[in-house]
Structures are given as structure tokens and as C-alpha cells.
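# Structural features, examined
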Amino acid sequence: MSPQQDYYALLGIARDATQEEIKRAYFDAAQKLHPDKNTAAGETELFLGVQQAYEMLSNAQRRMQYDATLPPEEKPSLPYTYKISYSRPNLVRLNEPQILYFILELEVPATARETPSSPLNVCLVLDRSTSMQGEKMDTVKATAIQVLRNLRAQDILSVVTFSDRAEVVIPASSHQEKARLEAKIQMIQPSGATEIYRGLELGVKEVMRSLDGKRINHIILLTDGRTYGDEQQCLALASKLAELGIGISGMGIGQEWNDIFLDVLSTRTGGSSAYIAQPQDIKRLLLEKFNALAKTYAEDVTLDTKFIEDVELTYAFRLQPESSPIALGEDTLHLGSIVQGTATQVIFEYMIHPKAVKSDSLRILDGTLKVAIASQVMPVLPLRLRLERPVSDSPETEPPPPQIVQALSRLMLYRMQERAHSEIEKGNIAGATRHLKRLASNLLLQGERGLANTILLEMEYLEKQNALTIEGSKKIKYGTRSLFDMPSKKELTQ
């Protein structure tokens, strides 16, 4: 290894990385390049280089001597493009809190748009409890068979079923005898109750058998019921999967599944949940999910943030692809994936408190963006995001960018239903009704008559029963979320 070798670049870390970050980067790189998994030319040498880098940087004394030999740090060449758009050009000195939004947009660069997609390592975790019998189970089995037939030679698929126990129907491997495996899928029979942790735990074991940094590693959980007593186990497992770069997508069929739980479970890994209203929609949505995974350029995009006094991140939402709230509460935010053909857009809402705007400039974000790209042997260098806004005594008159205006107009609708659900939980039916009435009015103005009518019917039920119907609640939540995926009917008529 040349003494001029940049060990930080080899591990994909910044020069001020902590010992924990060095250790983690070494683990990830070694897993991806280990000679037991790789026979490609040059990868053994890279693996040895990774070992040398870790030996150098994990020793404080040797690292200090090595750092003294390095030239000044240059701006990294990134295998993706990014752009920041702000809701306002400046902050204002006020004696009250003010809100600032910005959108982070990530995209596959033009030079990489023809890059072959990474192979998949996907486990289908399928609910086969008694409630799945009939059309739901028949459609799930037919779709799983279609997924099996659509697999590329390099893809790995496993299938796990669960009720109050779990079993492996198809072990993780590259499958050749598809006719025999299709017969095994056909033999799945519904019985028992719903215990999601059993299925999820076994699905994780199958993905782990073929875990590879060069693959898109993912679990698709499909259920029609609620799990009881094991939710915290499921969420703790999801947190571990996030650390390993394994994503979860949750799909709920019908009305009885717990959308709040499935949302939290998925968003912990940067994934999202989907609502399947009718059994006939199972095939379309499940195949769409597989096609999206096959187009994934970078599955694991995270943003590590540092605390800034009097600057508070209050909300984050992925606008596309697969619109979904971003789980807050941790220093690491899981933003989701970057896919070919669609820009990844995440909007952030910050509350700026009065004490923060005393000087002429304010740093609102001190973070590190990390992107894992399966198709690249070398790790991607982290990007330091240090975002600042000027502070003045009066607001600038420049209007916000159209992208921000459009995003906020739709986010406003989604958050109205969030607030309505929150007020119902508090027992404030009058407050919930006000939010729903405003939501229906705005949807009518945007030409979304079907969803608006659903809300008006739910308001009548709410007045009588002090609750929304299970079906109506999901229709409103996922209906407002789906507005991010398409132009409004009003926009189409203009």
C-alpha cells in the first residue's frame, strides 16, 4: 500500500471521524470485500488495504502521525447530485419563534443512469393467519409466484410465512427449480393468529444468510391483522436492521392492521408502509415494490445531525419516492433510497427560537450525509452538510421557490389529517372536526372530490361515535399521502 494512500477515503469516512465511526466503516467495508465472498480482480487487494487503513486509524498515536502527512482536504467527488432549496432567503430578528423549511434533493448523476442495477436479496414475509383465507391468500400466492418468475439470475429471494408460528417456505438462494418452488407457494394454507415478530425474526435470518453490501437487502412484510404484545420486539429488531442497512417495507391489507405500528416499523429503516384497500390491489402494489427495488441506486441514505442550541428540527417528510414521514428522535435520520429515474426529495421543518437570531448568520444544520451504493466497491465519502441562513432586521420580499410552495401545499393537507387524528386521541372531537372540515375544503379546491367526500362522511360518523371508522381513517391518511405521488386533478386541468 502506497504511503500516499488516503485511508479515510478507503474506509469512506471523514478525517474527523470518531473511533466508533472508524470501527463501523471497517466492519461494513470488510463485509463487502471479504475474500470469502469476492473473487473479482483487485478486490482482495482492496480488502488488504481496508485492513491496513483500520490498523492505522484505530491507533490514536499512529493516526496522529499519519494525519500530519496528509495534504489539505479537497471537496469529495460524489456519485450523486444534491441540491438545497429554502423556503425563505433569510431569517429575521424576532422575539418569537419562526419556521424555516428546506428541501434536500438527491439524484442519480447523468453519468450513472445506465449503470446496471444491483442484485436483490429480498425476503417476502407473508401473513397466513386465518383472516387471510379466501381471495387475499389466493392473490398473495399468485403474486409471490409472479415475483419468483420475474427474478433475474443474480437475485436472491426467500419466502417466510407466519401466523402464531413461522416457517421458511423458500430458503434464501438464487433459484433454478422454479416449478418446484411455485408448488411450495401454492401449498400455503391459512391458519392461526397474527404474531408479526415471529415472521419478522425468521425473515431477518433468511436475509442475513445472504447479507451482502453489493446487494439491495430488504424485507417486505405483508399482513392483514394486528399483532399483540410483540410490537416493541419488532421495533427493536427494526432498529438493528437499520444499522445493518436492511430495509423494511410494510404492506397492510384491508382495515384491521395497525397503520401506526407499521409506519413506525418501516420508517426506522428508511422504508414506508402502504395501504392495500382491496385484495385485487395486492398484485399491482407488490410488483411495483419489487420493480422499485430493482431500480434502487442507493438504498441506505442517512443524515447524522448535531445539536444546535435554539434550533429545533420539528418535522421531516420524504416527498418522493414513496412519500412517508421521517422518524425523528435520534441523531441519525433514515431518509430512504435513491432510485433511478426519480429524485429523492425530503423536506425539513425547523423551529428557530428567538435566542438563535442575534448574529448576522445562523447555522441551522450541522450534519453528515451518508450514502451507501451497492454497485460501488469503494465506500462513498460522507458529505458534511453545514447549512446557514443570513439574519437581518426585516424579511426579504423574494417569494419561495415553486418547488417549496407545491410541497408545502400538499404537506399541509397531510398534516391536517395528522392533527385531526391527534385531537381525536385527546378526546377533542370539535378540534378534530375543524381540521377535517378545512382538509375537505382544500381538497375540493384541488379537485380531489373523492377523498373530500370520504372526509365529509367520516365527519358525520365522528359526530355520532366520537371516532372515525377504521376504513375511513386509513383512506384519509394514505389518500393525503398519495397526493405527493401525482399531480393534483386541478393541475391536470390547467
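The following refers to the structure shown.

It is worth spelling out the overall build of the protein chain at this point. Counting secondary structure elements, the protein chain contains 15 helices and 16 strands. For the protein chain, the C-alpha atoms occupy an extent of roughly 75 × 70 × 45 Å along the three principal directions. By the burial criterion, 50% of the 494 residues in the protein chain qualify as buried. In the protein chain, once contacts between residues fewer than 6 apart in sequence are set aside, the share between residues at least 24 apart is 77%. Summed over its atoms, the accessible surface of the protein chain is roughly 23000 Å², and 51% of this surface lies on carbon and sulfur atoms. Charged side chains of the protein chain number 57 positive and 63 negative; the gap between the two group centres comes to 2 Å.

Moving on to the environment of Ser-131. Position of Ser-131 relative to the elements: it lies in the loop between β4 (120–127) and α5 (135–150). For Ser-131 and Leu-436, which are 305 residues apart along the polypeptide, the C-alpha to C-alpha distance reads 32 Å. Among all residues touching Ser-131, those that are not within four sequence positions of it are Lys-136 and Asp-224. One polar contact links Ser-131 to Asp-224, side chain to side chain, over a distance of 2.9 Å.

This part covers the packing of helix α12 (residues 429–445) against helix α13 (residues 449–465). Angle between the axes and distance between the axes: these two values describe a pair of packed helices. The interhelical angle for the contact between α12 and α13, taken along N-to-C directions, is 160°, at an axis separation of 8 Å. Classified by the interaxial angle, the pair formed by α12 and α13 is roughly antiparallel. Along this stretch, α12 crosses α13, giving a crossing that reads as left-handed. Note on element contacts: α13 touches α12 through Arg-449, Leu-451, Ala-452, Ile-455, Leu-456, Met-459 and Leu-462, opposite Ile-429, Ala-432, Thr-433, Leu-436, Lys-437, Leu-439, Ala-440, Leu-443 and Leu-444. When the residues that make up the contact of α12 with α13 are grouped by side-chain class, the tally is 13 nonpolar, one polar and two charged.

Bringing the side chain of Arg-128 into the picture now. Following the sequence through the fold, Arg-128 ends up in the loop between β4 and α5. There is a polar contact of 3.4 Å between the side chain of Arg-128 and the backbone oxygen of Gln-189. Dropping the residues within four chain positions of it, Arg-128 is found in contact with Met-137, Thr-161, Phe-162, Ser-163, Arg-165, Glu-167, Ile-188, Gln-189, Pro-190 and Ser-191.

Mapped onto the fold, Glu-423 is located in helix α11 (residues 402–426). Taking relative accessible area as the criterion, Glu-423 reaches 15% and is therefore assigned buried. Taking C-alpha positions, Glu-423 is 57 Å from Gln-61, a pair spaced 362 residues apart along the chain. Glu-423 has contacts with Asn-428, Gly-431, Ala-432 and His-435, leaving out every residue within four places of it along the chain.

Turning our attention to the sheet that holds β4. Spatially, the six strands line up as an open sheet ordered β6-β5-β4-β7-β8-β9, and their pairing is mixed. Whereas interior strands pair on both sides, the edge strands pair on one side only; in this sheet they are β6 (166–173) and β9 (273–276). When the angles between neighbouring strand axes are averaged without regard to direction, this sheet yields 15°. The pairing of β4 with strand β7 (residues 216–223) spans seven bridges and is classified as parallel. Pairing of Val-122 across the sheet is with His-218, part of β7. Of the strands in this sheet, β7, β8 (247–253) and β9 touch helix α9 (residues 259–267), which is tilted by about 160° from β8.

Right, let's talk about the packing of α13 against helix α14 (residues 470–482) for a bit. Remark: α13 packs on α14, axes separated minimally by 10 Å, with the N-to-C direction vectors making an angle of 145°. In the packing of α13 onto α14, the handedness of the crossing is left-handed. Facing Leu-451, Thr-454, Ile-455 and Glu-458 of α13, the residues of α14 in contact are Gly-472, Ser-473, Lys-475, Ile-476, Gly-479 and Thr-480.

What follows covers the state of the cysteines. Counted under the stated rule, the structure contains zero disulfides. Looking at the unpaired Cys-234, the closest cysteine sulfur is the one in Cys-123, lying at 14 Å.

Under the 1.5 Å per step criterion, the end-to-end length of helix α8 (residues 231–244) is 20 Å for 14 residues, consistent within 8% with the ideal 20 Å. Buried residues of α8: Cys-234, Leu-235, Leu-237, Ala-238, Leu-241 and Ala-242, and no others. Seen from one end, α8 has its buried residues packed into an arc of 160°, which puts them on one side. In α8, the exposed positions that point more than 90 degrees away from the buried face belong to Gln-232, Lys-240 and Glu-243. For α8, the secondary structure elements touched by its buried residues are α7 (196–209), β7, β8, α9, β10 (296–305) and β13 (332–339). In the segment just after α8, Gly-245 is the residue with positive phi, at about 75°.

Using the criterion set out here, one finds 25 salt bridges in the structure. Residues Arg-209 and Glu-206 are paired through a salt bridge, measuring 2.8 Å at the closest nitrogen-oxygen approach. Here Glu-206 and Arg-209 lie together in helix α7, a separation of three residues that amounts to about one turn. For Arg-209, a relative accessible area of 54% translates into the label exposed. Close ionic contact of Asp-366 with Arg-386 constitutes a salt bridge, the shortest N to O distance being 3.5 Å. With Asp-366 in strand β15 (residues 361–372) and Arg-386 in strand β16 (residues 383–392), this pair connects stretches of sequence that are 20 residues apart. Among the residues examined, Asp-366 registers a relative accessible area of 15% and is labelled buried. With a relative accessible area of 39%, Arg-386 lands in the partly exposed category.

Quick notes on the rules
Residues numbered from 1 in each chain as written. Predicted model: local features only at pLDDT ≥ 70, side-chain atom pairs only at ≥ 80, totals over all residues. Heavy atoms only, no water. Helix = DSSP H or I, 4+ residues; strand = E, 2+ residues; numbered from the N terminus. Buried < 20%, exposed > 50% of the residue type's maximum accessible area, 1.4 Å probe, protein only. Contact = heavy atoms within 4.5 Å. Areas by Shrake-Rupley, 256 points an atom, 1.4 Å probe, with all protein chains shown as cover. Lys, Arg positive; Asp, Glu negative; His and termini not counted. Charge placed at Lys NZ, Arg CZ, Asp CG, Glu CD. Polar contact = N/O pair within 3.5 Å; in protein donor to acceptor, adjacent residues only side chain to side chain. Axes fitted to C-alpha atoms, helices over the stretch in contact; angles between N-to-C directions. Parallel < 35°, antiparallel > 145°, perpendicular 65-115°, else oblique. Left-handed = near helix turned anticlockwise from the far one by under 90°. Nonpolar A, V, L, I, M, F, W, Y, C, P; charged D, E, K, R; others polar. Pairing = 2+ DSSP bridges. Disulfide = S-S within 2.5 Å. Expected span 1.5 Å × (residues − 1). Arc of directions from axis to C-beta. Salt bridge = Lys/Arg side-chain N within 4 Å of Asp/Glu carboxyl O.

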